[in-house]
Protein chains: 2
Amino acid sequence: MTSLPRRPSMTDVADRAGVSYQTVSRVLNDPHRVKPATRERVQAAIEELGFTRNRAARALRTTRSRIIGVLTDGSSLYGPATTLSAVEAAAHEAGYTTLLASVGPHGASGERTGRELLESGADGIIVIAPHEGMVPALEAIARTTPIVSVTAGAPAIPGATMVTVDQARGARSVVEHLAEAGCRSVVHLQGPPSWFDARGRRAGFVEAVDQLGLDAEITEPGDWSPGSGARIAEALLRGPLPDAVFAANDHMALGLLHVLHARGVRVPEQVAVVGFDDISGAAYFTPSLSTVRQPFDRLGQAAVARLISGLGPAPEEAAPAAAPSGLAADLAPELIVRRSSSLTAPATTDEPPVS
Amino acid sequence: MTSLPRRPSMTDVADRAGVSYQTVSRVLNDPHRVKPATRERVQAAIEELGFTRNRAARALRTTRSRIIGVLTDGSSLYGPATTLSAVEAAAHEAGYTTLLASVGPHGASGERTGRELLESGADGIIVIAPHEGMVPALEAIARTTPIVSVTAGAPAIPGATMVTVDQARGARSVVEHLAEAGCRSVVHLQGPPSWFDARGRRAGFVEAVDQLGLDAEITEPGDWSPGSGARIAEALLRGPLPDAVFAANDHMALGLLHVLHARGVRVPEQVAVVGFDDISGAAYFTPSLSTVRQPFDRLGQAAVARLISGLGPAPEEAAPAAAPSGLAADLAPELIVRRSSSLTAPATTDEPPVS
DNA sequence: GGAATCGATGTGAACGTTGACACTCGGAGA
DNA sequence: TCTCCGAGTGTCAACGTTCACATCGATTCC
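Residues numbered from 1 in each chain as written. Chains lettered and ligands numbered in written order. Predicted model: local features only at pLDDT ≥ 70, side-chain atom pairs only at ≥ 80, totals over all residues. Heavy atoms only, no water.

Caption draft 1: Spatial organisation of the side chain of A:His258. Here A:His258 lies in helix α11 (residues 250-262). A:His258 sits in the buried class, given a relative accessible area of 7%. Only 3.0 Å separates the side chain of A:His258 from the backbone oxygen of B:Tyr284, close enough to count as a polar contact. (Helix = DSSP H or I, 4+ residues; strand = E, 2+ residues; numbered from the N terminus. Buried < 20%, exposed > 50% of the residue type's maximum accessible area, 1.4 Å probe, protein only. Polar contact = N/O pair within 3.5 Å; in protein donor to acceptor, adjacent residues only side chain to side chain.)

Caption draft 2: Seen up close, the protein's contact with DNA strand D. Around DNA strand D, the surrounding shell holds 25 residues, and the nearest of these are A:Thr23, A:Thr38, B:Met10, B:Gln22 and B:Arg61. With respect to DNA strand D, the side chain of A:Thr23 contributes an N or O atom lying 2.6 Å from a phosphate oxygen. Among the secondary structure elements, those contributing two or more residues to the surface near DNA strand D are α2 (21-29) and α4 (55-62) of chain A together with α2 (21-29) and α4 (55-62) of chain B. (Near = heavy atom within 4 Å.)

Caption draft 3: Structural context of the confidence of the model for chain A. Overall, the predicted model of chain A reaches an average pLDDT of 86, with 86% of residues at or above 70. Contacts for the low-pLDDT stretch residues 313-327 of chain A, under 50 throughout, to residues beyond four places or in other chains number 27 contacts. (pLDDT = per-residue confidence, 0-100. Contact = heavy atoms within 4.5 Å.)

Caption draft 4: Geometry of the domain arrangement of chain A. According to the domain assignment, chain A contains domain 1 (10-53), domain 2 (66-166 + 296-331) and domain 3 (167-294 + 334-341). Using only C-alpha atoms to locate each centre, domain 1 of chain A and domain 3 of chain A end up separated by 61 Å. (Domains from an automatic or database assignment.)

Caption draft 5: Layout of the sheet that holds strand β8 (residues 244-247) of chain A. Residue and element names in this part refer to chain A. A sheet is described by the order of its strands in space; here four strands give the open sequence β7-β6-β8-β9, paired in parallel fashion. Every other strand in the sheet has two partners, leaving β7 (215-218) and β9 (272-274) as the edge strands with one partner each. Averaged over all pairs of adjacent strands, the angle between their axes in this sheet comes to 20°, without regard to strand direction. As paired elements, strand β6 (residues 185-189) and β8 share four bridges and run parallel to each other. Following the sheet pairing, valine 186 is matched in β8 by alanine 244. (Pairing = 2+ DSSP bridges. Axes fitted to C-alpha atoms, helices over the stretch in contact; angles between N-to-C directions.)

Here it is in structure tokens:
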């Protein structure tokens, strides 16, 4: 009914406590410099009025917003969503707030999103799961704001630091595992090539099969969805069965498993299947799915740490573009062997707690 | 190496274009009021300098940040993640930016998060998937900022509007479907009771089984995870089999399916199974899972629309707490019948496009 | 032809905060 | 006693923008 009251300002608090606004500011920023008695009066006034600092005014004055912008694709795919969650938590921990911007299906074009992220005055940007559609947005941003990219392979962005999970390494570990299990022919059900992660997985696959001398084949690209996995699996079944299939992610693997089951192909006896991501539920597929788990939590934390260290404590003296040491920090993914690629694996394996 | 240059301001643009800062402002806010020739000069200068408006200064001056705060649980569960994505897209569409804050596993306590969301000066708050842990944060916020809650059942928050998917209705449609299919005894594998959505589903279940006179049982609560679903399923199998099981969400249903399969219980022949959410992949479970699809996209859009309409065009004249008309806007969930509860359903059903 | 009008632009003030500096007061050292 | 110091507090200016009003030349109208 009635309009909400104006937010109280430092002046309001100061009046109530009988001090100047500067003293209020000091109580908030440097409490031990003000006499305990005064401090308590001010704190009481803050409490009574429900005062909170106006972030816009602070940002204006200090030129630092304490906001981290997160640029992501518009989807809610497992990897990006999980990473986002971890980034948010880590940023929060470090006293930063997270601003969300999307490029892609839902979200607007890269250009516009980039401009908006800039306007918002984020101190730094973290890019999650970049694909090619994001590059223009990033180029615009990089001119004035430090960027940390959470996926490798976006080489066009100058000045961007990377914190990544080594996709190729994950793919190699899958192929090695399959070879060890006796598979001689392996098919890679590849992901959308516009995604840098998909390229990394494919590259690791190619490298490993070459090195191990396996019979290899790569299908047409899927779009990460179970449906695409199923579709490609149908096509695959028209030819001779390979010993193993490595799907670009768990969802595509699920589609594949579904089709194999429907056609009476036994997994892993006739075909071994491995996915990528270790999504929630992979351990409970039929059969329980071997996959590559990515440390999304540590990834998010590392990205935030990297970004903040580049930001430096004082705005002037920092040299954000030159983040500490090497340009890329790679985290290792972890192969999780379950029933879908190993008869000796327990029928059910634990999965990590919900996150 | 060198510090990034200071962001250009309107004054910089004005100098370059040989006009006053006010003219620059007008070019941005009210272009047709400035002479075309001048306008073009200013626009050129903007382009050359890569100028973008400083949002902090705007927010300070106008007292409107054009930021929507989103409060969510710290997880990346399917429903919340999908809704978040939709909210971001809708907010972006409406010219708002999305600020993310979490309460829960990762995120900090409700109190602190609430204060931070307030400080950030969001024009309004959207709460996704509230559970009890959020209530304190919300109470603090509601004093000065309009709130739209995206889940029903958070009655403690005065002044909060709700935009929801009717969980009870979804649960009822499941029970009705099962009854029609001839099931006489139904077990509900319930979700965590601290979540308002879980309560809604359970309430709908109870109501429907009462009304239809079915044999009903409710298990101990799960935690949304497949693991919890599997654990509860193990316990369930120690007793006589019911005709059907209604799981609180698809993940728990997946755990259940896994255990049933391992024990050689045939679905749906011996036990029908229905989940809730229609997560990506549900159509490709073994068997393909009947479930209740929630219109998360429309939900996000509706929440943003509701919030913005309450915000009003001008800050003074708006009466945000009193959002238009009824307090709750319920969207209808949609029952999707697949193989797990119906022998006549096709083995594979389409699912919606990735989002 | 002079006043009223309008279109185009400039000037001043303010939003709420912080950093630099100035002031006041009591006590310590000369 | 006078100066110096520091602890505690206050005043001023500025961040970049927008709003309200002022200005100025060129019309238009009677």
